[in-house]
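Here is what each chain is made of, one letter per residue.
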Amino acid sequence: MSVCEEPAVRVDGLSKVYGTAKAVDGISFALRRGSLTGLLGGNGAGKTTTIAMILGLVTPSGGTVTVLGAQMPRQRYRVLHRVNFESPYVDMPMRLTVRQNLTVFAKLYGVEDVGARLARVAEEFDLTDLFDRPTGRLSAGQKTRVSLAKALLNHPDLLLLDEPTASLDPDTADWVRGRLERYCEQSGASVLLASHNMAEVERLCDRVIIMKRGRIEDDDAPARLLARYGRETLEQVFLDVARGRVETTAR
Amino acid sequence: MTPMLNRMIDFSPRRVGAMVQRYWYLLRSSWPRLLELIYWPAVQMLMWGFLQLYIVQNAGFFARAGGTFVGGVLLWDILFRGQLGFSISFLEEMWSRNMANLMISPLRPVEFVTALMVMSIVRLAIGMVPVSILAILFFGFNLYGLGLALAAFFANLILTSWSVGILVSGVVLRNGLGAEGLSWTIMFLFMPLACVYYPVATLPGWLQTIAWMLPPTYVFEGMRALLIGKVFRSDLMLEAFSLNIIFFVTSVLCFHGLLVSTRKHGSLLQAGE
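Let me sum up the structure you'll find in this document.

What counts and how
- Residues numbered from 1 in each chain as written.
- Chains lettered and ligands numbered in written order.
- Predicted model: local features only at pLDDT ≥ 70, side-chain atom pairs only at ≥ 80, totals over all residues.
- Buried ≥ 20, exposed ≤ 12 C-beta atoms within 10 Å, placed from the backbone.
- Helix = DSSP H or I, 4+ residues; strand = E, 2+ residues; numbered from the N terminus.
- Arc of directions from axis to C-beta.
- Axes fitted to C-alpha atoms, helices over the stretch in contact; angles between N-to-C directions.
- Parallel < 35°, antiparallel > 145°, perpendicular 65-115°, else oblique.
- Left-handed = near helix turned anticlockwise from the far one by under 90°.
- Contact = placed C-beta atoms within 7 Å.
- Nonpolar A, V, L, I, M, F, W, Y, C, P; charged D, E, K, R; others polar.
- Right-handed = clockwise from strand over helix to strand, strands pointing away.

1. Some points on helix α8 (residues 222–229) of chain A
Residues and elements named next belong to chain A. Burial in α8 covers these residues: P222, L225 and Y229. On an axial view of α8, the arc spanned by its buried residues comes to 60°, and they lie on one face. Of the exposed residues in α8, the ones pointing more than 90 degrees away from its buried face are A223, R224 and A227. Of the residues flanking the end of α8, it is G230, one or two places downstream, whose phi is positive at about 65°.

Right, here's the structure in full:
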């Protein structure tokens, strides 16, 4: 397989055990380059742990993760400058201004012309008026825009998003989705998006992986999932899987 | 190329600079924090300085021991504030739940630790320089008059403070902010054992053995030798330095082990909670 054909992410038999609890139970999947994949699942399904293992934040109990050709977490520094992550559950220093926070992260990611890059993201994410305000004084929607700007500072080839629109009003959430769509179209980056928002996943993703109790319950394109389950929305499919109605519908 | 050599070549001064810049932004954004850096060392120095003044006026021996209290206070503050400066910069990441952002960035742990060491010196300088000038003005004690000896004292004390800071940061990383208290209190364990204000000979024999296992003991003993006996004990400084190397390497290994354990435990995403 050539480097270009190599998946952006390859997960093989991945598992994570905390004490006696299996957070992730031997899952396998590969993310095609340029794809936008949704990771669905209820609370405790193992989505965040899976993302954390892909990022090298958590060491797997078993199995392997390969990101852009590098074994994680052992070879993480070969690829971390090409990866980024956004989650409303991870904050940026609140007392620093938006400009200061983004400057520090731009330098950490080795961005060449920091001033020009910051001017660009300020324009793209409508942050110009917020640039010199402390990050802690921004609204939830403004903070999400800043986090997303941070996540795209280094033009990542792989972007991992953990509920990027959680607690946002519909207008801001729609703006975030539009921005993500544009980035993917322009950059050809691969995206893994964990979300509880079915409409969001349906709109953005060309593939959906549904997790339950640490395992992959289903994995297909949204349209094919709807057809197989005989449902009109992804939310109905999700409820079928979550409530164990798979046997009577899809199978 | 060996993985170790690779890691050394990959060390990026730019990333270290970015982290130092981040802590500098934080520091200058809060004047109470800046003030605090000077406040406690000044209070300590003044209290002990006046006590020394009183004793000097009333006892012949202490007249010869001029400066040992104020010197002890200032050197103790290098040790204590050096560790605190390291630990507080680290805690800033935990308090702001920013650790996951750093750990998924290309920042290497060795660069992170280097930035924390630089910041401990910056914070120390902000606190100690004004206080050392106060010591000259109030008590005629010129810390800088110690010359090269001061450099040896400083190097040994700051190395110990970094070792303790690195170890404590590893413990906090692994156990969360529940272990934060260690950052504020652990150095006080050194205070009676390192013999800051009295000679090692004052301790019972078995405690002297423990005291000589700590690098700062050699520094404070060396300070007294210099101020009372007017002798610079380079042998003590070399012994302190040897012990410091052991302390530093041990704490770096412990930090590495604790970071590995944190990744296994899966607490980096929730770091701070």
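2. Side note on the packing of helix α2 (residues 13–28) of chain B against helix α7 (residues 109–139) of chain B
The axes of two packed helices give the description: the angle between them and the distance between them. Residue and element names in this part refer to chain B. Two elements in contact, α2 and α7, have axes separated by 9 Å at closest approach and are oriented at 45°. As judged from the angle between their axes, α2 and α7 are oblique. Our pair here, α2 against α7, has a crossing hand that is right-handed. The residues of α7 that touch α2, namely those facing R15, V16, M19, V20 and Y23, are E111, F112, T114, A115, V118 and M119. For the contact of α2 with α7, a count of residues per class yields 8 nonpolar, 1 polar and 2 charged.

3. Digging into the pairing of strand β8 (residues 190–195) of chain A
For β8 of chain A, the buried fraction is high: 6 of the 6 residues fall into the buried class. As a crossover connection, the stretch from strand β7 (residues 158–162) of chain A through helix α6 (residues 170–187) of chain A into β8 of chain A is right-handed.

4. A look at the interface of chain A and chain B
How big an interface is tends to be stated in terms of the accessible area lost upon association of its parts. Contacts between the two partners involve 28 residues from chain A, matched on the other side by 27 residues from chain B. When residues of the side of chain A that touches chain B are assigned to their parent elements, the largest contribution, 5 residues, is made by helix α3 (residues 98–108) of chain A. For the side of chain A that touches chain B, the per-class residue count stands at 18 nonpolar, 6 polar and 4 charged.

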